Amino acid sequence: MTRTVRKPMTLRDALAEFVKHPSPWMLLIWSAALLGTRIMVGSWTIADVIIPIALVAISPMAEWLIHVGILHWRPRALGPVKIDSRLARDHRLHHQDPRDIPLVFIPWPSLIVVIAGLTGIALFAFPRTGLGLTFALTVALFLVFYEWTHYLIHTDYKPRHAIYRAVWRNHRYHHFKNENYWFTVTSSGTADRILGTYPDPQQVKSSPTVRNLHAPSITG
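Rules and cut-offs
Per chain, the residues get numbers from 1 upward, laid out in the order the sequence is written. Residues qualify for local features only when their pLDDT is at least 70, as the model is predicted, and side-chain atom pairs are given and counted only at 80 or more; totals for whole chains, interfaces and linings, by contrast, use all residues. Water and hydrogen atoms play no part in the side-chain values, which are based on all heavy atoms of the structure. Secondary structure is summarised from DSSP: a helix means a run of H or I of at least four residues, a strand means a run of E of at least two, and numbering begins at the N terminus for each. Each residue is assigned to one of three classes by its accessible area relative to the maximum for its type, calculated with a 1.4 Å probe on protein chains only: buried under 20%, partly exposed between the two thresholds, exposed over 50%. UniProt positions are given in the numbering used here, feature names are shortened, and annotations may be inferred rather than shown by experiment. The pocket and cavity definitions rest on a 1 Å grid over protein atoms only: a 1.4 Å probe that fits but cannot leave marks a cavity, an open set with protein on both sides within 12 Å along at least five of seven lines marks a pocket, and residues lining either have an atom within 4 Å of a point. Grid points are joined across faces, edges and corners, and a volume is the space filled by probe spheres set on the points. For this classification, the nonpolar set comprises Ala, Val, Leu, Ile, Met, Phe, Trp, Tyr, Cys and Pro, the charged set comprises Asp, Glu, Lys and Arg, and every other residue, Gly included, is treated as polar.

### With respect to the environment of Arg193
For Arg193, the location among the structural elements is in helix H8 (residues 191–195). The exposure class assigned to Arg193 is exposed, which follows from its relative accessible area of 55%.

Pasting the structure below:
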């Protein structure tokens, strides 16, 4: 038997694969459309600075809540109806095979719903259209950053800097050690510290269900 040798991956290699998938393009096109529209609308105020700062500040908490509440959703039955979203189903598959790159990305049907919903909020839920567009643009750009970071962690690209190394390590712990901890993706030790899911890895037992989420409830 011959052993497969993995060649080192560069950022250029990673980017070449990244742009082959639909969600990055969807998010980039949406971001460009929002930016162009925002520039045309004009009417800039100090709120257009405050909103991006506030959204970035709360992003670790939002990541944590989405990861726990939506992606790790445990399937439930309401009478004859099974409640289980596409995002949750795909995330379980993602845990089964963390190296399956297509499963790393937000499913494009779900992303269409997200883009339509946030665009609607931007246009109709804010007192000024410009402010709503600033909100949506910030979210869109953050989602591009999220997709890139999450994707890169699951490639063979090795971290070279301390900040990214910490982010990389935390998400690897989540996938390969214990799925009940380390829920943030684009940062480390932020919301997890606040919400009690940032333990010392040396004190945490490896989970038998890290590759098969909710296995006891499904097989029991």
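### What to know about unusual backbone geometry
Located in the positive-phi region is Ser43, a residue other than glycine, with phi close to 55°. We classify Ser43 as exposed; its relative accessible area is 53%. Backbone geometry places Trp182, a non-glycine residue, at a positive phi of 60°. Relative to the helices and strands, Trp182 is located in the loop between helix H7 (162–176) and H8. By relative accessible area, Trp182 is classed as buried at 1%.

### Digging into the UniProt feature "domain: Fatty acid hydroxylase" (unreviewed entry) in the protein
Mapped onto this numbering, the UniProt entry annotates "domain: Fatty acid hydroxylase" (unreviewed entry) at residues 54–197. Between the C-alpha atoms that bound residues 54–197 the distance is 23 Å, and the span itself is 63% helix and 4% strand.

### What to know about the layout of surface pockets
Where empty space is left can be seen by rolling a probe of water-molecule size over the atoms. Looking at the largest pocket, its volume works out to about 780 Å³. If you trace the largest pocket, you find 33 residues lining it, with Ile66, Ile106, Phe142, Leu143 and Tyr146 closest to the centre. Going through the elements one at a time, helix H3 (47–71), helix H4 (86–96), helix H5 (108–124) and helix H6 (129–153) are the ones with two or more residues in the lining of the largest pocket. A total of ten residues in the lining of the largest pocket trace back to one element, the largest contributor, which is H3. Residue classes in the lining of the largest pocket are distributed as 22 nonpolar, eight polar and three charged.

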